[in-house]
Amino acid sequence: MLRTHTCGELRMENAGQTVTLCGWVQRVREMGGLTFIDLRDRYGITQLVFNMEINPSLCEDARQLGREFVLSATGKIAERSNKNPKMETGDIEILVDRLTILNTSKIPPFTIEDNTDGGEELRMKYRYLDLRRNVNRKNLELRHRMAIETRNYLNNEKFLEIETPYMIKSTPEGARDFVVPSRMNPGQFYALPQSPQTFKQLLMVAGFDRYYQLVHCFRDEDLRADRQPEFTQIDCEMSFVTQEDILETFEGLAKQLFRSILKMEMENFPRLTYENAMRLYGSDKPDLRFGMQFVELNDVTKGKRFRVFDEAELIAGINVPGCGEYSRKQLDELTDFVKRPQVGATGLIYIRVSPEGTLRSSVDKFFTVPDLTAIISKFSAKPGDLILILAGKCHKTRSALCDLRLEMGTRLGLRKPGTFKPLWVIDFPLLEWDEETNRYYAKHHPFTAPVPGDITLVDQYLSGDQKADLEKVHANAYDLVINGVEIGGGSIRIHNKDLQKKMLTVLGFSDEDAASQFGFLMNAFEYGAPPHGGIAFGFDRWTTVFAGADSIRDFIAFPKNNAGRDVMIDSPAPIKEEQLKELNIRITI
Ligand code: ASP
């Protein structure tokens, strides 16, 4: 090896040893007859010293070095006269007597420091330099440790890691596919997997019993901070299990990660039905780091000649503790917040409970003091509290109130990065009606099993009973949520051909489409498919949440930007005319 030690490991007990270090120049400083260089590698920084009096030509050489030059330096370790307690190696320095420049560097386009001067776009373009910064290195180290712990846990539980193909046929997970043209099959395309869903089910048919894979998935959808077109899942499947077995196994995985990575012993995760999650938090991924549960007010607010309430399907509010003295300006700000198109409420009603207990509201004209008292007692509001109320269509009101609750949680500093509140959301509806396309969609995916008791509703619907409300069909489906972020989700699957066919019919597949797209799976179900179920976790997202961060991009070595571009390699990019010809593709734009 070119080095005897790394730049992070030398301490006082090594004093007197002669060592060779390799690394990058972080900084060169001159002080009188001395030149100091901070030499950096993945493990840390060590100070090199050159003395003009002892070795003038070497010292001269050192003064010529630029940032990010790559060096090999040999010398004796000495105790520093001016120790730096902020550096792990801050007690020592290397008195260099041999220096080799392994490579030069152009001046980097931004500083390789924790607080860099480089903007996002520039750092993405020179991602390999950005990755030299501590933050990014630490993020990838965390990711690595999460992967190791996950594998350890699953291996101990007898799961086998099995790879599935990347060039497949469409699996509907609710996004668009990325496709790959086939040269050997003109006019035909592979699809990149949105997940290995059907393959992992086939592995269960094959008898593998417990499968997992840290696997790339590809989804062509609009990007946000917590989405990338290409991301990693911890994908898992088990045979001969109930929903309870799956929740226990993977709660075990989550607890193991909390224990080993964050040094936290977690209590059993609470479980909330989808219905209650929507009713109490307006979201199927509630942030439980703070309270402010929704309180529904239809019974105490209707019939007071206040049109907004009288015409509303739902009137619901939250109690924000300690904000009873919010000023007019602050309340106007909140009104503006809920009226933003992304939130979509038409207005905000408030009741302030002053520290003395007097009530002042924006609906004093319609509500007497006893009326207001009846409302605030539903919240068990105390002097100094602020009640915020929204009204309108049920779904929209819940969703806007969810945004308002999160906004208040953020304003009050209740969504603390170091606090973790995991929960399971269970009993999801199987299907969702879409107004625009006028049809049902699978809430999870088409392979999720309805709960056995609800299958009769599906049969009724298929036999033409218009009244059969398919939105009432529940699924054995579950999500793991941490701090308001969906970390993973899964379900018990259909393992019977007839039921799978029925579900595909409900989802609008013709018999031919069902057979051509999923015939392979339904055929497999005819050869002894065991009952099975599974789950997949968003690995990038989980790592991001554990780090208390927001953007999954910071936990991916080479991510894409918001337009789905890799600005470093400049992709996607056109391909050569010959290549297009070979693929039988003609571009018409
Ligand atoms: N394949 C599903 C997904 O990607 C997860 C699962 O059902 O196991 O969301």
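Since we're looking at a predicted model, the values are computed, not measured.

### Some remarks on the nonpolar core
Now for step 1: Judged by nonpolar contacts, the single largest core of 74 residues is most densely connected at Phe-250, Trp-424, Phe-537, Trp-542 and Phe-546.
Now for step 2: If one sorts the elements of this core by residue count, helix H6 (residues 243-262) sits on top with eight residues.
Now for step 3: For Trp-542, the contacting residues outside a window of four places in its chain are Met-146, Ile-234, Leu-253, Ala-254, Leu-257, Leu-480, Ile-482, Ile-487 and Phe-537.

### Section: the pairing of strand E9 (residues 210-218)
Now for step 1: Of all nine residues making up E9, seven are buried, and the element is well covered by its neighbours.
Now for step 2: Where strand E6 (residues 160-161) and E9 come together, two bridges link them in parallel fashion. Directly across from Leu-160, in E9, lies its bridge partner Tyr-211.
Now for step 3: Judged from the nine bridges that link them, E9 and strand E10 (residues 230-239) form a sheet pairing that is antiparallel. Bridge pairing in E10 links Phe-218 to Glu-230.

### Description of the sheet that holds strand E16 (residues 386-392)
Strand pairing in a sheet relies on backbone hydrogen bonds, with the paired strands running either antiparallel or parallel.
Now for step 1: A sheet is described by the order of its strands in space; here five strands give the open sequence E12-E13-E16-E14-E15, paired in antiparallel fashion. Edge positions in the open sheet fall to strand E12 (295-296) and strand E15 (359-361), since each of these has one partner strand only.
Now for step 2: Where E12 meets strand E13 (residues 314-320), two bridges bridge the pair, whose relative direction is antiparallel. Across the sheet, Glu-296 pairs through a bridge with Ala-316, a residue of E13.
Now for step 3: Along the sheet, helix H11 (residues 369-378) contacts E12, strand E14 (349-353), E15 and E16; its crossing angle with E15, the most-contacted strand, is approximately 95°.
Now for step 4: The strands touched by helix H12 (residues 394-411) within the sheet are E12, E13 and E16, with E13 carrying the most contacts at an inclination of about 10°.

### What about the pattern of salt bridges?
Now for step 1: Applying the stated criterion across every chain yields a total of 39 salt bridges.
Now for step 2: Between Arg-132 and Glu-68 there is a salt bridge, with its nearest N and O atoms 2.7 Å apart. Here Arg-132 is found in the loop between helix H3 (127-130) and helix H4 (134-156), whereas its partner Glu-68 is found in the loop between helix H1 (56-63) and strand E4 (70-79), with 64 residues between them in sequence.
Now for step 3: Taken together, the salt bridges that share partners define one network made up of Arg-123, Arg-127, Asp-130 and Arg-133.

### Structural notes on the site of the ligand
Now for step 1: As a matter of local geometry, the ligand sits amid 14 residues, with Gln-197, Lys-200, Gln-233, His-444 and Arg-493 nearest to it.
Now for step 2: Between Lys-200 and the ligand, the recorded distance is 2.6 Å, taken from a side-chain N or O atom to an oxygen atom.
Now for step 3: Put simply, the parts of the chain that give the shell around the ligand at least two residues each are helix H5 (197-205), strand E21 (485-492) and strand E22 (532-538).
Now for step 4: Top element by residues in the shell around the ligand is E22. It accounts for three residues.

### Examining the sheet that holds strand E1 (residues 18-31)
Now for step 1: Spatial strand order, E1-E2-E3-E5-E4: five strands in a closed barrel with mixed pairing. Put simply, the sheet's adjacent strands are angled 55° from each other on average, direction ignored.

### Concerning the packing of H4 against helix H16 (residues 539-546)
Now for step 1: Between H4 and H16, whose axes approach to 10 Å, the crossing angle comes to 115°. Note on packing geometry: the crossing formed by H4 with H16 is right-handed. Across from Leu-142, Arg-143, Met-146 and Ala-147 in H4, the residues of H16 making contact are Phe-539, Asp-540, Trp-542, Thr-543 and Phe-546.
Now for step 2: When grouped by side-chain class, the residues that make up the contact of H4 with H16 number six nonpolar, one polar and two charged.

### Re H6
In an α-helix, one full turn covers 3.6 residues, which means residues spaced three or four apart are oriented alike.
Now for step 1: Here H6 spans 27 Å end to end across 20 residues, near enough to the 28 Å set by a 1.5 Å rise per residue.
Now for step 2: For H6, the buried fraction is high: 14 of the 20 residues fall into the buried class.
Now for step 3: Remark: Lys-263 follows H6 within two positions and exhibits a positive phi of approximately 55°.

Cut-offs applied
- Position numbers for residues start from 1 in each chain and track the written sequence from start to end.
- The predicted nature of this model means local features are confined to residues of pLDDT at least 70 and side-chain atom pairs, given and counted, to a pLDDT of 80 or more, with totals for whole chains, interfaces and linings taken over all residues.
- The basis for every side-chain value is the complete set of non-hydrogen atoms in the structure, without hydrogens or water.
- Note on terminology: a nonpolar core comprises buried Ala, Val, Leu, Ile, Met, Phe, Trp, Tyr and Cys residues joined through side-chain atoms within 4.5 Å.
- Only protein chains enter the area calculation, which uses a 1.4 Å probe; residues under 20% of their type maximum are buried, those over 50% are exposed, and those in between are partly exposed.
- Runs of E in the DSSP output that reach at least two residues are strands. Runs of H or I that reach at least four are helices, and both are numbered from the N terminus.
- By definition, residues are in contact when any of their heavy atoms lie within 4.5 Å.
- A pair of strands is treated as paired once DSSP finds two or more bridges between them.
- To define axes, lines are fitted to C-alpha atoms, for helices over the stretch in contact only, and angles between the resulting N-to-C directions are given on a 0 to 180 degree scale.
- The salt bridge definition used is simple: a Lys or Arg side-chain nitrogen within 4 Å of an Asp or Glu carboxyl oxygen.
- Proximity is defined per residue: if any heavy atom of the residue lies within 4 Å of a molecule or strand, that residue is considered near it.
- Any pair of nitrogen or oxygen atoms within 3.5 Å is treated as a polar contact; in protein, a donor-acceptor pairing is required on top of that, and neighbouring residues in sequence qualify only through side-chain atoms on both sides.
- Put simply, a crossing is left-handed when the front helix is turned counterclockwise from the back one by less than a right angle, and right-handed when it is turned clockwise.
- Polarity classes work like this: nonpolar for Ala, Val, Leu, Ile, Met, Phe, Trp, Tyr, Cys and Pro, charged for Asp, Glu, Lys and Arg, and polar for all others, with Gly in that last group.
- Each helix should span, by expectation, one fewer than its residue count multiplied by 1.5 Å.

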